[in-house]
Amino acid sequence: MSERAYLSTRKGLFELRKEAGRWDFGPVHFLGEPVSMALPDPRDGSLYAALNLGHFGVKLHRRRPGAETWTELPAPSYPPKPEESDDKTDWNNRMVWALEAGHAGQPGQLWAGTLPGGLFGSRDHGDSWQLVRPLWDAPQRSNWFGGGYDVPGIHSISVDPRDARQLLVGVSCGGAWRSEDGGASWTVSSTGMRADYMPPEMNENEEIQDPHRIVRCPGQPDVLWCQHHNGMWRSQDGGRRWQEITAAPLSRFGFAVAAHPMDGDTAWFVPLEADQRRIPVGAAMAVLRTRDGGKSFEVLRHGLPQEHCYDLVYRHGLAVSSDGHTLLMGSTTGGVWISENGGDSWRTLSTTLPPVYAVSFG
């Protein structure tokens, strides 16, 4: 089991360590600086951190296993927009919204998703990055639009552990996209999703869906889970088709979802009041767990605040460890909770951290 975890926050990258059977805080990296995403690479133990420094732009850093210092890397960068282009999008990296390790058989491969909707790949551990032009140049990209931000963004990247050529990304608002050739070509893959924020004649348009987060079960890679703006979905065929989940109590709106690493029937969601409030239902924090593929759910509350709770959990704010029963959750109001029994009970690690953007085990 992982003995470390990381909290990407508005004021730095906070490290958690488990010692003598108890999780507690360790070093803080980039204190005072916004860290949008961290990636502990399970293949070689490297740690990557993406920073969003506003006026100074997007920065990317890497720390090798055992190293005390970080090395700054070139951040993913868009090429100049052609003068004759009618694309209204600003070809400028505004934020790294997703960082994912490549396939185990491709040790140098990394993937990054950005605002305004570009996917980048690296084959040399982040020393250089290339825009994945077949997705960026897809004609349907002109239909994408911003969800949580005023521009589209790629927030979910999934590599099939059986085959490095099989990729799936989630775009807000642009739907799910699938590649079967390592990114050389792409197919929109949102069949079954529904966008109630669009006129009725357009709500099944695959290119304007708003998946908030898409995650894959590594042990059963054909199973993917999606928390969407308009509900919850599950795929059992690698993301080709999606089935809506309607049995969830409390609310089917939210941002975060975590998939069990081995059991394709088990996943966790964080329900919120939709849409303008975006707070825990009834101002009481809960996590939903299904263990039968979404047919039924348990409401998990033990150890979570049940009064005057207004914590928003972002789409990367919930993670499950490779052991399948240790979960970490962080909120925009600085709350951090950990569970070591699959969510049955939770322990508060902090209520005073900076806003938490993302959590990860590594």
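Look up: the structure comes first, before these words.
In this text the structure is predicted, and so the values were computed from the model without any measurement. (Residues numbered from 1 in each chain as written. Predicted model: local features only at pLDDT ≥ 70, side-chain atom pairs only at ≥ 80, totals over all residues. Heavy atoms only, no water.)

As a further point, take the packing of aromatic side chains. For the coordinates displayed, the defined rule picks out twelve aromatic pairs. Ring geometry for Trp-23 versus Phe-361: centroids 6.2 Å apart, planes at 70°, classification edge-to-face. Linking Trp-23 in strand S3 (residues 22-29) with Phe-361 in strand S28 (residues 356-361), this pair joins segments that are 338 residues apart in sequence. For the pair formed by Trp-23 and Phe-361, the shared burial category is buried. Judged by centre distance (6.2 Å) and plane angle (70°), the rings of Phe-269 and Phe-297 are edge-to-face. You can see Phe-269 sitting in strand S21 (residues 267-271) and its partner Phe-297 sitting in the loop between strand S22 (287-290) and strand S23 (298-300), a full 28 residues away along the chain. Just as Phe-269 is buried, Phe-297 falls in that class too. These aromatic residues form a ring-pair network of at least three members: Tyr-78, Trp-91, Phe-120 and Trp-136. Residue placement shows Arg-141 over the ring face of Trp-136; its charged tip is 3.6 Å from the ring centre. (Phe/Tyr/Trp six-rings, centres within 6.5 Å; stacked < 30°, edge-to-face > 60°. Helix = DSSP H or I, 4+ residues; strand = E, 2+ residues; numbered from the N terminus. Buried < 20%, exposed > 50% of the residue type's maximum accessible area, 1.4 Å probe, protein only. Lys NZ or Arg CZ within 6 Å of the ring centre and 35° of its normal.)

This brings us to the pattern of salt bridges. Under the definition given, this model contains 26 salt bridges. The closest approach of N and O atoms between Glu-298 and Arg-291, which form a salt bridge, is 3.0 Å. Assessed through its relative accessible area of 27%, Glu-298 is described here as partly exposed. Connected through salt bridges with shared partners, the residues Arg-4, Glu-15, Arg-17 and Arg-63 form a single ionic network. (Salt bridge = Lys/Arg side-chain N within 4 Å of Asp/Glu carboxyl O.)

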